[in-house]
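Read off the chains here:
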Amino acid sequence: MLLSAKDSLLLIVDAQEKLLPVIHHYDQVSARIRWLAEVALQLEVPLLITEQYPKGLGYSLPNLKEVVEAAEVIEKTHFSAMKEEGFAGVLEQYGKRQIVVIGMEAHVCVLQTALDIKAQGYDVFLATDCIGSRRPADKDAGIERMRDNGVNIITSEMAALEWVEKSATETFRHISRNWLK
C-alpha cells in the first residue's frame, strides 16, 4: 500500500529539546524530522505533535518552531499517546486512515503509540530515519517489533515521494532541491 497525501497525517512523537542531546545521531534525526514535517506542510498533510511531560523534557525542538505553529500539540504523560485522555478523539477528527509516525524514543513512546494506533485499525507507517533512541540496539528492536506487528516500515523520502506522486511538479522540484538537508 502506498501513502496518499489526502489520506495521511504526520504524527511527531516527543521530539523535545531536552531529550534530543542524548539521542544517537541526534543531528541527523532532527534534520530528517524537520524535512519531512516541512514536506507535509507544503503538501497540506496535517501535523499532530505530542510532548511527553514538557515541564521536565522541554518543548518541541527549536528547529520545529514553524512546524509547531502549524500543528496541534498535545501534552502527555502516558508513553502511548493513545492512552492519553482525548488523543484518540483528536486523531479521529482529522479523518485520516494513514498515520506516519516519527519522533523519539523509538522503543518507548514511538513504539507504544504506533502499536496502539495500529490496534485501532489505522494504517501506520514508521519513517525509520526520523526516529531515534539513546542506544542503536533499542531503536533496532523497536523497529523490528513494530514491523512484526504490521507497521509499515518506510523512510522520509519514501513518504515524501509517495505523497507527491509525480516528478513534473514544482513541489517535487522544491523537495528534490532539499534532499540533502
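Because the structure is predicted, anything quoted here is derived from the model rather than measured.

J.: Would you explain the overall build of the protein chain in this entry?
T.: Scanning the protein chain from terminus to terminus reveals eight helices and six strands. Mapped in sequence order, the helices and strands of the protein chain form the string β-α-β-α-α-β-α-β-α-β-α-β-α-α. Compactness check: the protein chain gives a C-alpha radius of gyration of 15 Å against a globular reference of 16 Å for 181 residues, within 12% of the reference. Each principal axis of the C-alpha atoms in the protein chain carries an extent, and together these give about 45 × 35 × 30 Å. Here the protein chain, with 181 residues, has 51% of them falling under the buried criterion.

J.: Quick question: what am I supposed to make of helix 1 (residues 26–42) here?
T.: Because each turn of an α-helix spans 3.6 residues, side chains separated by three or four positions in sequence point in the same direction. Under the 1.5 Å per step criterion, the end-to-end length of helix 1 is 24 Å for 17 residues, consistent within 8% with the ideal 24 Å. One or two steps after helix 1, the chain reaches Glu-44, where phi turns positive at roughly 60°.

J.: What is the right way to look at the sheet that holds strand 4 (residues 98–104) in this model?
T.: Remark on secondary structure: sheet strands pair via backbone hydrogen bonds, oriented parallel or antiparallel. Taken together, six strands build an open sheet; the order of strands is 3-2-1-4-5-6 and the sheet is parallel. Sheet topology places strand 3 (72–76) and strand 6 (152–154) at the edges, where each strand pairs with a single neighbour. The mean angle between the axes of side-by-side strands here comes to 25°, regardless of whether they run parallel or antiparallel. As defined by bridge partners, strand 1 (residues 8–13) adjoins strand 2 (residues 47–52) across four bridges and the pair is classed as parallel. The residue of strand 2 that forms the bridge with Val-13 is Thr-50. Contacts between helix 6 (residues 136–148) and the sheet are confined to strand 5 (123–132) and strand 6, with strand 5 contributing the most and set at about 170° to the helix.

J.: Just checking my understanding: could you explain the packing of aromatic side chains for this structure?
T.: Geometry of an aromatic ring pair is reported as the spacing of the ring centres plus the angle between the planes. By the definition in use, this model includes zero aromatic pairs. Residue placement shows Arg-32 over the ring face of Trp-35; its charged tip is 4.4 Å from the ring centre.

J.: Explain the nonpolar core to me, please; I cannot follow it from the model alone.
T.: With 36 residues, the main nonpolar core has Leu-10, Ile-12, Ile-33, Leu-36, Met-104 and Trp-163 as its most contacted residues. Of all elements in the fold, only strand 1, helix 1, strand 2, strand 4, strand 5, helix 7 (156–164) and helix 8 (170–177) reach the threshold of two or more residues within this core. Among the elements that line this core, the one with the most residues is helix 1, at seven residues. Apart from residues lying up to four places away in sequence, Trp-163 is in contact with Leu-3, Ser-4, Ala-5, Ser-8, Leu-10, Leu-36, Val-39, Ala-40, Leu-43, Val-45 and Val-100. Leu-48, Val-90, Ile-99 and Val-124 belong to the second largest nonpolar core, which has 27 residues in total.

J.: How should unusual backbone geometry be read in this particular structure?
T.: Among all residues except glycine, the phi angle is most often negative; among peptide bonds, the trans geometry is most common. The omega torsion across Met-104 and Glu-105 is -20°, close enough to zero to call that bond cis. You can see Glu-105 is positioned in the loop between strand 4 and helix 5 (106–119). Located in the positive-phi region is Asp-14, a residue other than glycine, with phi close to 50°. Tracing the chain through its elements places Asp-14 in the loop between strand 1 and helix 1. A relative accessible area of 1% places Asp-14 in the buried class. Non-glycine residue Glu-44 carries a positive phi angle of around 60°. Relative to the assigned elements, Glu-44 resides in the loop between helix 1 and strand 2. Residue Glu-44 is classed as exposed on the basis of its relative accessible area, which comes to 70%.

About the cut-offs
- Residues numbered from 1 in each chain as written.
- Predicted model: local features only at pLDDT ≥ 70, side-chain atom pairs only at ≥ 80, totals over all residues.
- Heavy atoms only, no water.
- Helix = DSSP H or I, 4+ residues; strand = E, 2+ residues; numbered from the N terminus.
- Rg over C-alpha atoms; globule rule 2.2 N^0.38 Å.
- Buried < 20%, exposed > 50% of the residue type's maximum accessible area, 1.4 Å probe, protein only.
- Expected span 1.5 Å × (residues − 1).
- Pairing = 2+ DSSP bridges.
- Axes fitted to C-alpha atoms, helices over the stretch in contact; angles between N-to-C directions.
- Contact = heavy atoms within 4.5 Å.
- Phe/Tyr/Trp six-rings, centres within 6.5 Å; stacked < 30°, edge-to-face > 60°.
- Lys NZ or Arg CZ within 6 Å of the ring centre and 35° of its normal.
- Core = buried A, V, L, I, M, F, W, Y, C linked by side-chain atoms within 4.5 Å.

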